[in-house]
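Spelled out, the chains give:
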Amino acid sequence: MATSFRPFLVNDLFGDPALYVGLRWTRRALLFDLGDLGALSAGRLLKISDVFVSHAHVDHFVGFDHLLRVLLGRSKALRLYGPAGFIAHVEGKLRGYTWNLVDAYSLSIEVHEVQPDRVRRARFACPRGFRREDAPDVHAHDGLLVSEPEFRVRCVELDHRIPCLAFALEEPMHLNVDKVRLDRLGLPVGPWLMDVKRAIRAGEPDDTAIHIAWSDGDGRCARTLPLGALRREVVRESPGQKLVYVTDVLDSAENRARILALAKGADIFYCEAGYPERDAARARARYHLTTVQAGRLAAEAGVRQFAVFHLSPKYRDCAGELVAEAMTAFAGGSGSRPRSRTSNRCTAQKPMQSGEIPRSDQR
């Protein structure tokens, strides 16, 4: 089955969090977290329409400036979503610059701040020097941030000693085209199939006319067929994809319950695994998960694929061990303990010396 979402982590296992998700068949992408974006081309950055930020620690938000620099001067509306206090964080970033020569630019930034009982909203328009313009709140959101025919994004609030959001990206239904049946009907592959899929996802009636035009050796051809006939003959419906993104959370009963409800049955589960299990006390003090805790969450949620990221740079020399520990816990399931590891090769880096520059991952 062709996949609708094309996700990849922008940085390596120890780099800043940023998950890029291309949307198949469209020139559009979503971004989860705004860590260092230097590895992304301008072309990929220009496709981003929506950014979902877990929290505003520097390693999750420092890429805002880079994205802004690329989008500035473009006719584009960018939507940002984040936890409590997020509007003020974006406003502070924008106020750090002078905007006296941007009157002709049309970039606008819509910021959505998730509160327990509402979503606060504000708009920052480039022609007005990115001055803040508040919009009416959205009440009773129930975690649903975006709902479009092709996808929806939901969130839950988790505890990182501050509110931190986890996200689920879901495809309501997956639509495949049977090319063999298409050939039998004498119909070509083409952009018109996107119109068919959009109409089906939008719940259009079966008598909706679908116009098909193409060129062949005999010249220009055109046909009009009802949506219902195309749905029955050439389109195959199946359950949609589900991708879940979780980072920077304490291993607590409340967090686990919320993560499991969000991630249940996900096709891909991206989860931080910052520390090896032997350093569980350190992980707890820093409000992060261990490899084993992340693996058990994935197993209990019944996800199909499990991907770890955001490992602490303290363990850069033994990435394989941390990944293996997480995958062992995942393979072992929620009811069994992973085999113990006695190797002492996976140790933290030496304490920072006076005068050294601290790392930016806030761990």
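Up top you'll find the structure we're talking about.
Residues numbered from 1 in each chain as written. Predicted model: local features only at pLDDT ≥ 70, side-chain atom pairs only at ≥ 80, totals over all residues. Heavy atoms only, no water.

Enquirer: I would appreciate a short explanation of the layout of surface pockets in the present structure.
Expert: Remark: the empty space left among the atoms is shown by a probe the size of a water molecule rolled over them. A volume near 470 Å³ is recorded for the largest pocket. Within the residue set of the lining of the largest pocket, elements represented by two or more residues are β12 (173-177) and α6 (192-201). (1 Å grid on protein atoms, 1.4 Å probe; cavity = no way out; pocket = protein on both sides within 12 Å on 5 of 7 lines; lining within 4 Å. Points joined across faces, edges and corners; volume = space filled by probe spheres on them. Helix = DSSP H or I, 4+ residues; strand = E, 2+ residues; numbered from the N terminus.)

Enquirer: For this particular structure, what's the right way to read the sheet that holds strand β16 (residues 242-246)?
Expert: Strand pairing in a sheet relies on backbone hydrogen bonds, with the paired strands running either antiparallel or parallel. With mixed pairing, 6 strands are arranged side by side in an open sheet as β9-β10-β11-β16-β17-β18. Of all the strands in the sheet, just β9 (144-147) and β18 (305-309) have a single pairing partner and so form its edges. Each neighbouring strand pair of the sheet contributes to a mean axis angle of 15°, computed without reference to strand direction. When β9 meets strand β10 (residues 152-159), the two strands line up antiparallel, connected through 3 bridges. Looking at the pairing, L144 lines up with R154 of β10. In this fold helix α10 (residues 291-301) packs onto β17 (268-272) and β18, with an angle of close to 160° to the strand it touches most, β17. (Pairing = 2+ DSSP bridges. Axes fitted to C-alpha atoms, helices over the stretch in contact; angles between N-to-C directions. Contact = heavy atoms within 4.5 Å.)

Enquirer: Would you take a moment to explain the state of the cysteines for this structure?
Expert: Each disulfide consists of one covalent bond between the sulfur atoms belonging to two cysteines. One pass over the full model with this rule turns up 0 disulfides. You can see C271 has no disulfide; the closest cysteine sulfur is in C164, sitting 11 Å from it. (Disulfide = S-S within 2.5 Å.)

Enquirer: What am I meant to see in the pairing of strand β6 (residues 108-114) here?
Expert: Along any regular strand, the residues point their side chains to alternate faces of the sheet. Burial of β6 is extensive: 6 of the 7 residues sit out of reach of the surface. As defined by bridge partners, strand β5 (residues 77-82) adjoins β6 across 6 bridges and the pair is classed as parallel. In the strand pairing of β6, R79 is matched with E110. Read as a crossover between parallel neighbours, the route from β5 over helix α4 (residues 86-95) to β6 is right-handed. Looking at chain direction, β6 and strand β7 (residues 118-125) are connected through 7 bridges and run antiparallel. Bridging from a neighbouring strand, S108 pairs with A125 of β7. Linking two consecutive strands that pair antiparallel, namely β6 and β7, is a turn of 3 residues. (Buried < 20%, exposed > 50% of the residue type's maximum accessible area, 1.4 Å probe, protein only. Right-handed = clockwise from strand over helix to strand, strands pointing away.)

Enquirer: Where do I start with the pattern of salt bridges in this structure?
Expert: Here the structure, examined in full by the defined rule, presents 24 salt bridges. Measuring nitrogen to oxygen at the nearest pair gives 3.6 Å for the salt bridge that ties R231 to E237. Of the residues examined, E237 reaches a relative accessible area of 45% and is grouped as partly exposed. Linked through salt bridges whose partners overlap, the residues forming this network are R28, D50, R79 and E148. (Salt bridge = Lys/Arg side-chain N within 4 Å of Asp/Glu carboxyl O.)

Enquirer: Which parts of the structure should I look at to understand unusual backbone geometry?
Expert: Of all residues except glycine, most have a negative phi; of all peptide bonds, most are trans. Its identity as a non-glycine residue notwithstanding, D248 has a phi of 60°, on the positive side. Its place among the elements puts D248 in the loop between β16 and α8 (253-263). Since its relative accessible area comes to 1%, D248 is described here as buried. If you check the backbone angles, H310 has positive phi at about 60° while not being a glycine. By the element assignment, H310 lies in the loop between β18 and α11 (319-332). Residue classification places H310 among the buried residues on the basis of a relative accessible area of 2%.

Enquirer: So what exactly am I meant to see when it comes to the sheet that holds β7 here?
Expert: Strand order in this open sheet of 8 strands is β1-β2-β3-β4-β5-β6-β7-β8, and the pairing throughout is mixed. Sheet topology places β1 (5-9) and β8 (132-139) at the edges, where each strand pairs with a single neighbour. If you compare each strand with its neighbour and ignore which way they point, the axes differ by 20° on average. Bridge count between β1 and strand β2 (residues 19-23): 5 bridges; the pairing is antiparallel. Bridge assignment links P7 to a residue of β2, and that residue is V21.

Enquirer: What should I look at first to understand α11 in this one?
Expert: End to end, α11 covers 20 Å across 14 residues, agreeing with the expected 20 Å (1.5 Å per residue, within 8%). Where α11 is concerned, the buried positions are A319, E321, L322, E325, A326, T328 and A329. Packing partners of the buried residues in α11 comprise α10 and β18. Positive backbone phi, at 80°, marks G333, one or two positions downstream of α11. (Expected span 1.5 Å × (residues − 1).)

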